[in-house]
Amino acid sequence: MECQMVGGLIFPETEDTGSPTLRTKGEELCNMRRSENYSPVPWEKNLEMDNTKAWNDNSIPMKSLNAEDRAPLCPQLGPYFADGQRRVDYVLAYHIQKPGNVCRKSPKFGDDNFIRRLRRSLSLRSSRAPLQPKEDPEIPAQEQQTDYHENDKRFRREEFEENLIEIGLELEKTDECKIPGIGFLKIHAPWNVLCREAEFMKLKMATNKVFEVKQGSNIVEKIRLFIHKVTSPLHPKVDTNKPKSVKSLLHPFSREKAHLFDLSDRDNFFDSKTRSSIVYELLKRTRCTRALYSLGFTSLLANGVYTAGYPPHDGEIGVNAKPSDRKSPSGLPVCCPWVRLCLCSPTSFPSKNPGPYRQTLYEEWASYSVFYKYQPIGLIRKYFGEKVGLYFAWLGVYTQMLIPAAIVGVIVFLYGCATIDDNIPSMEVCDPRNNITMCPLCDSACNYWKLTTACGTARASHLFDNAATVFFAIFMALWAVLFMEHWKRRQMRLNYVWDLTGYGEEEEEEHKDHNRAEYELRVMQKAKRLENSMAKDEKVKLTCTDRLPAYLTTIAMMAFMITVTFVIVFGIVLYRISINAALQINNYPGARYNVRAIVKTTAAIISLIVIIVLDEIYGAIARWLTILEVPKTAKSFEERLIFKTFVLKFANAFTPIVYLAFFRGRLVGRPGNYLYVVGSYRMEECAEAGCLMELCIQLCITMLGKQFIQNNLFEIGVPKLKKLLRKKKSEMDPKQQEELTKTLQQHEKDHFLLPFVGLSPEYMEMIIQFGMVTLFVASFPLAPLFALLNNVIEIRLDAKKFVMELRRPIAVRAKDIGIWYNLLRGLSKVAVIVNAFVISFTSDFIPRLVYQYMYSPDGTLHGFVNHSLSYFNVSDFAPGTDPAKPLILGYKVEICRYKDYREPPWSSTPYDFSKEFWAVLAVRLAFVVVFQNVVMLMSDFISWLIPDIPKDISLKIHKEKVLMVELFMKEEYGRRLGVADSHNRNICPSPSSSNQSPQQPRSRAAPNTNLC
């Protein structure tokens, strides 16, 4: 049999199409497949014999394929090489200077050169390292750009590509293909490389052993199954061909135990995300060593040798052609293998072929028409990897848990609406018969005012400050605990379904071997400085001393940014004071009548704008500070970036809210002795009904504004704006662009998509929202409802972004959401304390309670308003601070009232704190202590009561371990029988069996010596 070499693969040929020399090289290469570097195990030998037979039956000289035949034979399964057989697992893009737009293959991948390099590639370099959680490699590459001459870049690319060939990868290079100035290197991992790396990475693959997954018989499991049946119309229409009651037993892949695995469909044994992850891992381990300093893949991206690297999407959205519709030149249907076989029989086409995942995700996940359905989490994981799948699973659980919180919040709000007419304090405020004259709200410009003018504010405050508020705060504290526990159980269930129960610290520990490009560059610079003073074998690394200037810069910048936030909040306070005074002296009566509403609303809008702008600035500063620290690994970089970003954005979003909740109205002083800042600015007071209403307005505008503008409008508008600018910069008209887009291959279309920047921005949005929902929920019970409505839209927006606007990310294995869970748990603990202080100090719940049970003559709230107001003699005003128009009410005011608990001017200690003040303060502090401890105790009890691992999942995990032991015991028993039978035949051969070869064991073993 003769072999033909095309693009890095060996194909048997049935016709004489080449010179004798080329055929001799092909025969030599066929024999070299059995070299000592890669010895096939028995199952590979048998399979290759079957492949050879198939080639003899139906074979096509690959060089005879024309352009039409070389089109991808299975477009739904992803892009292919020009031969239409080998799948593109990864794509590297690079800049080229040569003009022209004709696609041409690089001569370095011609037959003769490729045969020479392939012979050298049989000395395989293999180092053990698992998948590493990485973001798109283009992102860190953009952080550090170093100018290289184009020839240097080309030489480094050639060396890097030769090294890729040596480790077994197959390449196809296209210079200047329809996209001016951009060349592409398509990478394919053949079967032997996939098997080798899967074994090194300890990837769990499906074995031949299949067992039945029985559903639990307890009450909880029955309820779960009942709910699943009831909500079946809400489930996406995916994975309908796979029986859910049967599960394959998984085991780390081993070439010597290949007979244990289900290799009936080699095309789909390694899915596309696993193939791209394996190739990416090989890219990370490959280095350029001819230069003075060794450079890795990320360093090549950082230096501009390659401009982008990404796995291609599996097809264009809207392409619905069936694989079986494509025919080969011989008229048989194509089954799209990528290793040795080109054709297959009609019955051998896998019926369980899932088709293009991207199209299914677009229809069942990224479409707004399915907003009411559950997410296809399993399909998301299959296409994007476990890390992305866990994010959307967490987002789905969070949104689902917001439904009961939103319902209870609406009930609390409706309770306030229903009881507003029965609220005694607001009725007293609105009653004109009380004739209470209040002291001015500012110096000189402000006048005396009647308490009845605050009637609207008092009635509106009751909507959020009522008896149900305390219940809702306790409910939300317990809700947060239930949400965390529910997510832990859901996460454990996903770990079992996704076969991540054995993924632990061993795999994560080995991730340390991969260094970031910036770290390697700094190490190179340090080694260059110390090359004359250090030993040859000494390993150079960055120490804390090297990073000390960066650490000091980080501390100084973080402190400065937080100070800037405080200064801006203080500036907004001064704005409120100034606008309040300006509107009071305005001659327009409508402006004076709506002073409070105008000041509150405009200040909240200004605060929202500042928060949105500073969020973007703080995000950029946090990334810059993290880059300065030069973390060694991507995981360390991500954790440091998350910490800095969270601290800055949390302070930015919640500082104005904290000021309104705990400081406004408490740093005021009293009439005649007010507290002044920046000269003559008097600190602002709360309304008669308290500051809770203003806190509610601030929360509402901030939450809705951030969600609508920052989370949704930016995610929709920014990508569309970038596309519009790209179209305007293009020299082609829209029709030409549309025609060009139709002719582009999938990896070329993906080049125009945005790079994947990681999940940190998505998580950060939800963490801030979670803080809004839990921290100050006592003042805004409608927060869960608005969060729920936002998340329903957010899920589909993120889905559309991942499916249509982003390049496909590297699939990353992860068994939890990492540091984000700790942040959520910390926020839920802090929320208990914050809500206790909001109820105790911000609302009037405690003062009303104290009055009703200690000072009320009839045990009701009648007289509470009068009891909560102190007296002030207007003759005690400081000079120049009394009202400019003292007779504006039509009579001379001698005594005015203000909200505080102080002694009257006719007492022996005028204007000192009264005993009522100390009684209310003591009850407030006692309430905080009791509320905090009771809620914490209830939360811990619920956390203890609910197990982290569902009982049915723990039983299934135990069953799998037992089945795995039984499988290996059975295999070992069969192996011993085979060895014993072979040994007996060798010692005492029978006449009937003397001419037969001994039975071969399944695994590799040294051949037995014939003792006879």
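Treat the numbers as computed from the prediction; the structure is a model and nothing was measured.

Focus on the nonpolar core
- With 115 residues, the main nonpolar core has Trp365, Trp394, Tyr398 and Phe776 as its most contacted residues.
- For this core, the leading source of residues is helix H13 (residues 386-418), giving 16 residues.
- Trp365 has contacts with Thr360, Val370, Gln375, Pro376, Ile380, Phe384, Phe392, Ile795, Arg796, Ala799, Phe802 and Val803, leaving out every residue within four places of it along the chain.

Some details on the pairing of strand E5 (residues 170-175)
- With six of its six residues buried, E5 lies for the most part within the structure.
- Here E5 shows a buried face lined by Glu170, Glu172 and Thr174 and a second buried face lined by Leu171, Lys173 and Asp175.
- For E5 and strand E6 (residues 182-188), the ladder comprises five bridges, and the chain directions are antiparallel. Along E6, the bridge assignment pairs Lys173 with Leu185.

Some points on the state of the cysteines
- Under the defined criterion, the tally for this structure stands at three disulfides.
- Covalently, Cys430 is tied to Cys455 through a disulfide, its sulfur atoms 1.8 Å apart. Taking the sign of the torsion about the S-S bond as the criterion, the disulfide between Cys430 and Cys455, at about 95°, is right-handed. Of the two residues, Cys430 is situated in helix H14 (residues 424-430) and Cys455 in helix H15 (residues 455-464); the sequence distance between them amounts to 25 residues.
- On the accessibility criterion, Cys430 (21% relative accessible area) is partly exposed.

Side note on helix H6 (residues 191-201)
- Among the 11 residues of H6, 10 are classified as buried, and the element is accordingly described as predominantly covered.
- Along H6, the positions that sit buried rather than exposed are Trp191, Asn192, Val193, Leu194, Cys195, Arg196, Glu197, Ala198, Phe200 and Met201.
- Downstream of H6 by a residue or two, Lys202 has a phi angle that is positive, lying close to 60°.

Notes on the side chain of Glu765
- One can find Glu765 in helix H26 (residues 760-774).
- Buried and unpaired, Glu765 has Lys801 as its nearest opposite-charge partner, separated by 5.9 Å.
- The residues contacting Glu765, other than those within four sequence positions of it, are Asn711, Glu715 and Glu794.

Considering the packing of H13 against H15
- Between H13 and H15, the least distance of the axes is 7 Å, while the angle of their chain directions is 145°. The handedness of the crossing between H13 and H15 comes out as right-handed. Across the interface between the two elements, Val412, Phe413, Gly416 and Cys417 from H13 touch His462, Leu463 and Phe464 from H15.
- A class-by-class count of the residues in the contact of H13 with H15 yields five nonpolar, two polar and no charged.

Regarding the confidence of the model for the protein chain
- Per-residue confidence for the protein chain gives a mean pLDDT of 76, with 75% of residues at or over 70.
- For the protein chain, helix H1 (residues 20-32) is the element with the lowest average pLDDT, namely 37, and H13 is the one with the highest, namely 93.
- Within the model, pLDDT remains below 50 along residues 138-148, and this stretch shows 30 contacts once partners closer than five positions in the same chain are excluded.
- A low-confidence stretch, residues 319-354 stays under pLDDT 50, and its non-local contacts, those more than four residues away or across chains, total 80 contacts.

A word on the side chain of Ser840
- Note that Ser840 resides in helix H28 (residues 819-842).
- Judged by its relative accessible area of 0%, Ser840 is buried.
- Once you skip the residues sitting within four places of it in the chain, Ser840 turns out to touch Ile846, Arg924, Leu925, Phe927 and Val928.

Focus: a positive patch on the surface
- Together, Lys720, Lys723, Arg726 and Lys727 line one region of the surface with positive charge.
- Its place among the elements puts Lys720 in helix H23 (residues 692-729).
- Judged by relative accessible area, Lys720 falls into the exposed class, the value being 55%.

Parameters at a glance
- Residues numbered from 1 in each chain as written.
- Predicted model: local features only at pLDDT ≥ 70, side-chain atom pairs only at ≥ 80, totals over all residues.
- Heavy atoms only, no water.
- Core = buried A, V, L, I, M, F, W, Y, C linked by side-chain atoms within 4.5 Å.
- Buried < 20%, exposed > 50% of the residue type's maximum accessible area, 1.4 Å probe, protein only.
- Helix = DSSP H or I, 4+ residues; strand = E, 2+ residues; numbered from the N terminus.
- Contact = heavy atoms within 4.5 Å.
- Pairing = 2+ DSSP bridges.
- Disulfide = S-S within 2.5 Å.
- Lys, Arg positive; Asp, Glu negative; His and termini not counted.
- Salt bridge = Lys/Arg side-chain N within 4 Å of Asp/Glu carboxyl O.
- Axes fitted to C-alpha atoms, helices over the stretch in contact; angles between N-to-C directions.
- Left-handed = near helix turned anticlockwise from the far one by under 90°.
- Nonpolar A, V, L, I, M, F, W, Y, C, P; charged D, E, K, R; others polar.
- pLDDT = per-residue confidence, 0-100.
- Patch = residues over 30% accessible without salt bridge, like charges linked within 9 Å, V, L, I, M, F, W, Y side chains within 5 Å.
- Areas by Shrake-Rupley, 256 points an atom, 1.4 Å probe, with all protein chains shown as cover.
- Charge placed at Lys NZ, Arg CZ, Asp CG, Glu CD.

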